[in-house]
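Per-entry structural report
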Amino acid sequence: MWFGNLVTMDWWSGLWLNESFATFMATVAMSEATEFSEAWQTAYTRTIRAYRADEVETTHSIDLPVADTDSAFANFDAITYEKGSAALKQLNYLVGPEVFRSGVSNYLKTHAYGNTTIGDFLSAISVVSDLNLDEWSREWLLEPGTNGVAVDLYCSDGTFSGLSLIQSAPAEWPTYRTHRTQLGLYRFGGGEVAIQTLPVTYSGETTKVVIDGEETCPDFVYPNHGDWDFARVRLDPDMLEVLGQQLENFADPLVRAMLWQGVWEMVLEARLKPTEYIDFVLMNLAQELDDSVVRQVLGTLEDSLSYLVRLDSAFAHLAELGPSIESFLWEQILEGPPGSDRRVFMFDRYVEIVSSLDGAERLAAVLREEEGVLPNGMELDQDRRWNVVHALSRLGHPAVAGFLVAERARDVTDQGRLSAMRAEVSRPDFETKAIWVEVLLSQNLELNLADVRAVTAALFPDNQHGLHRVFSEEIFSGLKTINGSLDASYFRPILRGLVKPLCTHQYLSQLNDAIDASGNLHPTLRRGLLETRFATTRCIAIGEYLASDK
């Protein structure tokens, strides 16, 4: 790395500074020196990965002790890259961009072609900013976990009377940080949003914000306008209706992306039911003009549907909303501009989520190239044809065997072989699953890594969670077999395919037992169990909230 080559970390504990700095400065350079004006929006969508990684019990501090070189490779993750970049962005705003730039320049000149520690870097920033950054370093770099932030807005008869920022911290990592952020004070009217911004610093549980000269109450306050901060914004569910009406009126797609994500966070925190989120998306997404925002929201729409698929208690909701989502996506395909990316990624998402018989028949007609099914001029490349075959296979469509033969004849490449394998293993068939579970957990696994990735990517799709449950005990016990016999490079794909979140208390109990007995497992295998426990616990909580009267 160019930054790491000029000034290199003294030890792997400083890995984040090389990688985080490169990530942060790449965005700064694109934003300020190129035509890519959406650079910060792109960075935000990547930062979402850090929010997800930082809430799981496998998270870690940005700067952390590293015992050896082998251990360092476990830290090439969203904490080191995206959260570290967000921390540098936060430091940039705390001291000021010019001060930050000057401090970095001095650091590079002083330590060029040498090795440094975190103290060297922060000392360079401290000298220029005249700030003691020891406490900032402890809070942001040495403590794991992400804070939440909510707004308490006080108004009386439309007149502003007060505003407080409420900071929260997870029980596992109860650190309250000092944050530099920018409030967005939004006022709606005439199909536009008037935006007033206010830089503020908050710390502790409650920070009162003084707005000089403010009389008229804003319609909505967002506590991280422009994405200065790294904190999960906790929106008020009572604002959903207003947001739905006003989302398209925000001119900046970054603001829209962050507001959409704020609504999705409510689902993850079991403060909004996935069914309500799906309704919100179907009502408002068609008005979104920015493709990157649409892609972001479609990902969360698929996740919402995944919860309904995996929750046995949500069958009635799935029967109603599944076809509604399919109809929405297909309508977007038909109405999308000819030759547009939007048509293509709407189709890709349709293939991923299709669950109804009517939807499956439509995809079968697509493969048969029946006239009038796809919009004029829209043709599928070979990869997308394979994706359709896979979707039909996981749904148990009766014509899938013929489609497999036909597509294999069309595609004689090794990629075609892997795609056919992926489709074959996804069939909702007990014998197929039993054979492959035994193969993957074999002490003498003879498949190459590409084959394992193809199989595990498709073995247990969400709609086959019942079949997956049958093999759960065998899978957990089999991890001990592969632990000492397989190269560690196989562990991640095997975990992704076999150790997946199932939304029942029985499965959670099995997971807990497996984790209790995992002391001798490779760190990658143990980490996979811990991450699956978190996802399982979350799914159960979402299901319980869905079934409640709240």
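These notes cover the structure that comes with them. Computed from a prediction, not measured in an experiment: that's the story for all the values here.

As a further point, take the overall build of the protein. The helix and strand inventory of the protein stands at 25 helices and nine strands. Relative to the 2.2 N^0.38 estimate, which gives 24 Å for 550 residues, the radius of gyration of the protein is 25 Å and therefore close to what a compact globule would have. On the principal axes, the C-alpha backbone points of the protein span a range of 70 × 60 × 45 Å. In the protein, which comprises 550 residues, the proportion classed as buried is 54%. As displayed, the protein offers around 24500 Å² of accessible surface, 50% of which is attributable to carbon and sulfur atoms. Put simply, the protein has 44 plus and 79 minus side-chain charges, and the middle of one group is 3 Å from the middle of the other.

With that settled, the discussion passes to the sheet that holds strand β5 (residues 179-189). Strand order in the open sheet formed by three strands is β6-β5-β8, with antiparallel pairing between adjacent strands. Since the sheet does not close on itself, it has two edges, and those belong to β6 (192-202) and β8 (220-222), each with one partner. Between one strand and the next, the sheet's axes are offset by a mean angle of 25°, whatever the strand orientation. One ladder, built from eleven bridges, connects β5 with β6; its direction is antiparallel. Bridge pairing in β6 links Gln-182 to Pro-199.

Here helix α2 (residues 15-33) crosses helix α3 (residues 39-53) at 155°, and the two axes come no closer than 8 Å. Viewed along their axes, α2 and α3 adopt a mutual orientation that is roughly antiparallel. From α2, Thr-23, Phe-24, Thr-27, Val-28, Met-30 and Ser-31 reach across to α3, where they touch Ala-39, Trp-40, Ala-43 and Arg-46. Among the residues forming the contact of α2 with α3, the class breakdown is six nonpolar, three polar and one charged.

If you trace the four strands from one edge of the open sheet to the other, you get β7-β4-β3-β9, paired in mixed fashion. The outermost strands of the open sheet, each flanked by one partner alone, are β7 (206-209) and β9 (232-233). When strand β3 (residues 148-156) meets strand β4 (residues 159-168), the two strands line up antiparallel, connected through nine bridges. If you follow Val-151 over to β4, its bridge partner there is Leu-165.

The subject of this paragraph is helix α6 (residues 97-111). Residues spaced three or four apart along an α-helix point in a common direction, a consequence of the helix completing one turn every 3.6 residues. Across its 15 residues, α6 extends 21 Å between first and last C-alpha, which sits within 8% of the 21 Å expected from 1.5 Å per residue. Buried within α6 are the following residues: Phe-100, Gly-103, Val-104, Tyr-107 and Leu-108. Buried residues of α6, seen end-on, are gathered within an arc of 130° and therefore sit on one face of the element. Away from its buried face by more than 90 degrees, α6 exposes Glu-98, Lys-109 and Thr-110. Backbone geometry just after α6 places Tyr-113 at a positive phi near 65°.

In this section: the state of the cysteines. Considering all chains together, one arrives at two disulfides under this definition. Here Cys-155 pairs with Cys-217 through a disulfide, and the sulfurs are 1.4 Å apart. Pair noted here: Cys-155 is in strand β3 and Cys-217 is in the loop between β7 and β8, with a separation of 62 residues, a long-range link. Overall, the relative accessible area of 36% leaves Cys-155 in the partly exposed class. Each sulfur in the disulfide pair Cys-503 and Cys-539 lies 1.9 Å from the other. Disulfide Cys-503-Cys-539: the torsion about the S-S bond is 90°, which places it as right-handed. Here Cys-539 lies in helix α25 (residues 523-547) and Cys-503 lies in the loop between α23 (491-498) and α24 (505-516), a separation of 36 residues in the sequence. Residues Cys-503 and Cys-539 agree in their burial class; the two are buried.

The rules behind the values
- By convention here, each chain's residues receive numbers from 1 onward along its written sequence.
- Reporting of local features is limited, given that this is a predicted model, to residues whose pLDDT is at least 70; pairs of side-chain atoms are given and counted only at 80 or more, and all residues count toward the totals for whole chains, interfaces and linings.
- Each side-chain value is worked out from all heavy atoms of the structure, with water and hydrogens disregarded.
- We count a stretch as a helix when DSSP gives it H or I for four or more residues in a row; a strand needs E for two or more, and each element gets its number in order from the N terminus.
- For this measure, only C-alpha atoms enter the radius of gyration; the expected value for a globule follows 2.2 Å times N^0.38, where N is the number of residues.
- Three exposure classes are used, based on accessible area relative to the maximum for each residue type with a 1.4 Å probe and protein chains only: buried under 20%, partly exposed in between, and exposed over 50%.
- Accessible areas in this description were obtained via Shrake-Rupley with a 1.4 Å probe; residue shielding takes into account the shown protein chains only.
- Note that His is not counted, nor are the chain ends; the positive residues are Lys and Arg, and the negative ones are Asp and Glu.
- Where a charge sits is defined by one atom per residue type, namely NZ (Lys), CZ (Arg), CG (Asp) or CD (Glu).
- In short, DSSP must find at least two bridges between two strands for them to pair.
- Here an angle of 0 to 180 degrees is reported between the N-to-C directions of two axes, which are lines fitted to C-alpha atoms, with helices fitted over the stretch in contact.
- Any angle that is under 35 degrees is reported as roughly parallel, and any over 145 degrees as roughly antiparallel; angles of 65 to 115 degrees are reported as roughly perpendicular and all others as oblique.
- The contact rule is simple, with two residues in contact once any of their heavy atoms fall within 4.5 Å.
- Residue polarity is assigned by list, with Asp, Glu, Lys and Arg as charged and Ala, Val, Leu, Ile, Met, Phe, Trp, Tyr, Cys and Pro as nonpolar; anything else, Gly included, falls into the polar class.
- Working rule for helices: expected span equals 1.5 Å times residues minus one.
- The directions from the helix axis to the C-beta atoms are what the arc is built from.
- Note on disulfides: each one is a pair of cysteine sulfur atoms within 2.5 Å.

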